[in-house]
There are 4 protein chains.
Amino acid sequence: MKAIILNGTLKPSPAPSNTEALAGYLAGALERHGVQTEQIRLVDHDVKPGVESDMGDADAWPAIRERIVTAEILVVATPTWLGQHSSVTQRALERMDALLSETDDDGVPIAYNRVGGVVVTGNEDGAHHVIAVVAQCLIDIGFTVPGQAWTYWNKGPGPGDEEYANSDDTDWTHATADAAAHNLVAVARALAANPISTPPNA
Amino acid sequence: MKAIILNGTLKPSPAPSNTEALAGYLAGALERHGVQTEQIRLVDHDVKPGVESDMGDADAWPAIRERIVTAEILVVATPTWLGQHSSVTQRALERMDALLSETDDDGVPIAYNRVGGVVVTGNEDGAHHVIAVVAQCLIDIGFTVPGQAWTYWNKGPGPGDEEYANSDDTDWTHATADAAAHNLVAVARALAANPISTPPNA
Amino acid sequence: MKAIILNGTLKPSPAPSNTEALAGYLAGALERHGVQTEQIRLVDHDVKPGVESDMGDADAWPAIRERIVTAEILVVATPTWLGQHSSVTQRALERMDALLSETDDDGVPIAYNRVGGVVVTGNEDGAHHVIAVVAQCLIDIGFTVPGQAWTYWNKGPGPGDEEYANSDDTDWTHATADAAAHNLVAVARALAANPISTPPNA
Amino acid sequence: MKAIILNGTLKPSPAPSNTEALAGYLAGALERHGVQTEQIRLVDHDVKPGVESDMGDADAWPAIRERIVTAEILVVATPTWLGQHSSVTQRALERMDALLSETDDDGVPIAYNRVGGVVVTGNEDGAHHVIAVVAQCLIDIGFTVPGQAWTYWNKGPGPGDEEYANSDDTDWTHATADAAAHNLVAVARALAANPISTPPNA
């Protein structure tokens, strides 16, 4: 079983990314379930604006899309800016819009029988809203979102420099990530054993 | 297999409810899969404000909660007011908050291994946002939300009297409901065969 | 100048309300600008479900609506449940939907030239989303929302008992409330001096 | 009086943009009030990811920021993808985050005494949610959002090719834009005559 984690940080490598750090914790939890994980820092790639699978002209998306469809688990990890998921994350979601019209040979939408999870970091507030938005996008596209398949860290009210990577108050965040990994793997396995068949509107 | 549909219309019986009508279409689709369905019009019941399973004093919620936990499928059906899910729907979600701390004998949260779906009606715009919010609430509580486990009808831009029940432009809405029923049943069955076990944060 | 503060706590009087406490801080800040304030705990009143100004039959809304339209400033104060504004708050917003079609003698919508602010409390996360939703509802109805006309307190990640009323970490929340009061009063006065006239779609 | 309109379409020039077309209608309405307007198609400029006013290295944002702060009115115009504002729009909002810490010589935040409006296009649903999110971001930064300072067009339920630019059902959308222009200008003028002074948390 494989998991792809898309990191929507605004910071290109090699700058440290809090989102990468927390997504890395979840990756570790998934690996303890035997899942092979791969994290992609989207901002390092030239993903073109658009809503088709290939926007031509040195578009980095087709290679990323190729990774996504090899995996049973997709995790969208994003920082929070002005209370929202990042522009880099939204860019990837827009590109995944094209998955809506792609099916396997039986007419099953390509995102069906894959599960989605969410990781959110921020220095203030907004995780549940970001989880709502990302989950809705993934569900719209066809991913199944297991119960409590998310974790987050933020600092609480007001601006400030404190970030996940230098916080010592991460117990709840990590225990929640452990549960998210458990649930993502459990539902992915349940769907592998008993997949959703071709829907009537295919 | 059973499904409970919570109808969050603001209109007490016997007034006609567009939300009931569209939820009824989804119920029919679920029944064609052999699912037993029951629709509850929440506004007809005196559900007290609060976030515990029993707020005492003639509270109608405990009986509704009892119905919910008999079912593998929960559908939240709501009208859209000012772009949001209704107050009656939010009241039920608040009461379901208490499910967060309830587990079975093995420590599995009570909402795990149940699936959630969403039905939205409105006379203007806002369905995807309402789906996002309701899905997030259900996922927070522990329900799994299958891909595309929703349908909706609205009229499009601007105020107006047109409603689902007297529209003749419902083909997409119904085809989408058929797929939602298909996916809800498929994932509920997959989880029945291979349930999520006790999570590590239990 | 007058301000009405609607408190959407789920707890009837005389239970203490964190939302009332923080809204009370903002009321004090408004009073220091010479504004007369009145706070209404909505759950103590039998506000009927519906979207008209009077739902008949002992409906408590008409009297509250009467208070709102005497005031140049409306503050919506709400707790956060499952990341959302409360059912009690949404009930009031639904009832204000009727203001959309009410105008003064010149055809100016009744909410025009009034300003709106937001107060959010919670024990976890979600304030900016709640501010977004409440601000959108108020703007839809016709209220003007001044820059930074809000404040909030929450605890940050994870469930817990800590609440605004017993927190000693409220400096940012209070300074933000002081600015919100400053901005609400400034914009209300600017609009009193130079009101929006009848719009072309009246 | 000047207005800057940021168009967040995903399509680089010279491709036609529905968002540009509807924003252009609003621009015309603003011009009839004597406002000078300028529309910027963001995707034609290399706006770097980040949250500072200048991200260096051929960053196109500083020049756009310079245009924004010359104007009393800012309109954010965006398409809707997966129910959300576009990645291109979110990129601009992230960059405006830096305005939070910029003030004039009296310590008044630079966005104060400017007003914000919203234009949304889409081929399905989601305008009120996008208005909520964009309004919240603008209000967070310090812009005042007048009542009903928005317009939108979408097609209603389900995917499809129909777009604003080839629709003949735009009367409500245009009348709403006319009112938005009226309200943006009225509140901008009211604030010019009686500006918000230095807030107490400056």
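See the structure above.
All figures in this text were calculated on a predicted structure; none of them were measured in a lab. (Residues numbered from 1 in each chain as written. Chains lettered and ligands numbered in written order. Predicted model: local features only at pLDDT ≥ 70, side-chain atom pairs only at ≥ 80, totals over all residues. Heavy atoms only, no water.)

Here's the deal with a negative patch on the surface
Residue and element names in this part refer to chain A.
Then, in step 1: A cluster of acidic residues, Glu162, Asp168, Asp169 and Asp171, forms a negative patch at the surface.
Then, in step 2: You can see Glu162 is positioned in the loop between strand E6 (150–153) and helix H5 (171–193).
Then, in step 3: For Glu162, a relative accessible area of 37% gives the class partly exposed. (Patch = residues over 30% accessible without salt bridge, like charges linked within 9 Å, V, L, I, M, F, W, Y side chains within 5 Å. Areas by Shrake-Rupley, 256 points an atom, 1.4 Å probe, with all protein chains shown as cover. Salt bridge = Lys/Arg side-chain N within 4 Å of Asp/Glu carboxyl O. Lys, Arg positive; Asp, Glu negative; His and termini not counted. Charge placed at Lys NZ, Arg CZ, Asp CG, Glu CD. Helix = DSSP H or I, 4+ residues; strand = E, 2+ residues; numbered from the N terminus. Buried < 20%, exposed > 50% of the residue type's maximum accessible area, 1.4 Å probe, protein only.)

Regarding the relation of the copies chain B and chain D
Then, in step 1: When chain B is fitted onto chain D, the two copies agree to an RMSD of 0.0 Å after a turn of 180° and an axial shift of 0.0 Å. The operation mapping one copy onto its partner corresponds to a two-fold rotation axis. Within chain B, the C-alpha atom positioned nearest to the axis of rotation is that of Gly156 of chain B, 2.1 Å from it.
Then, in step 2: Looking at the interface residues of chain B, 100% of them are also at the interface in chain D, so both copies use one shared face. (Least-squares fit on C-alpha atoms with pLDDT ≥ 70 in both. Contact = heavy atoms within 4.5 Å.)

Some remarks on the relation of the copies chain A and chain B
Then, in step 1: The operation relating chain A to chain B is a screw motion whose rotation component is 180°, with 0.0 Å of axial translation and a residual RMSD of 0.0 Å.
Then, in step 2: Interface residue correspondence from chain A to chain B reaches 100%, placing this contact among same-surface, isologous pairings.

Considering unusual backbone geometry
Then, in step 1: Omega for the bond connecting Ser13 of chain C with Pro14 of chain C falls within 30 degrees of zero, at 5°, which places this linkage in the cis form.
Then, in step 2: Checked against the element boundaries, Pro14 of chain C lands in the loop between strand E1 (2–7) and helix H1 (18–31).
Then, in step 3: The backbone of Leu82 of chain B shows a phi angle near 55°, a positive value even though the residue is not glycine.
Then, in step 4: Along the chain, Leu82 of chain B turns up in the loop between strand E3 (73–81) and strand E4 (84–85).
Then, in step 5: When its relative accessible area of 9% is taken as the criterion, Leu82 of chain B is described as buried.
Then, in step 6: Within the chain, Asp57 of chain D stands out as a residue other than glycine whose phi angle is a positive 50°.
Then, in step 7: Relative to the helices and strands, Asp57 of chain D is located in the loop between strand E2 (36–41) and helix H2 (61–68).

The values are spatial; any link to function lies outside them.
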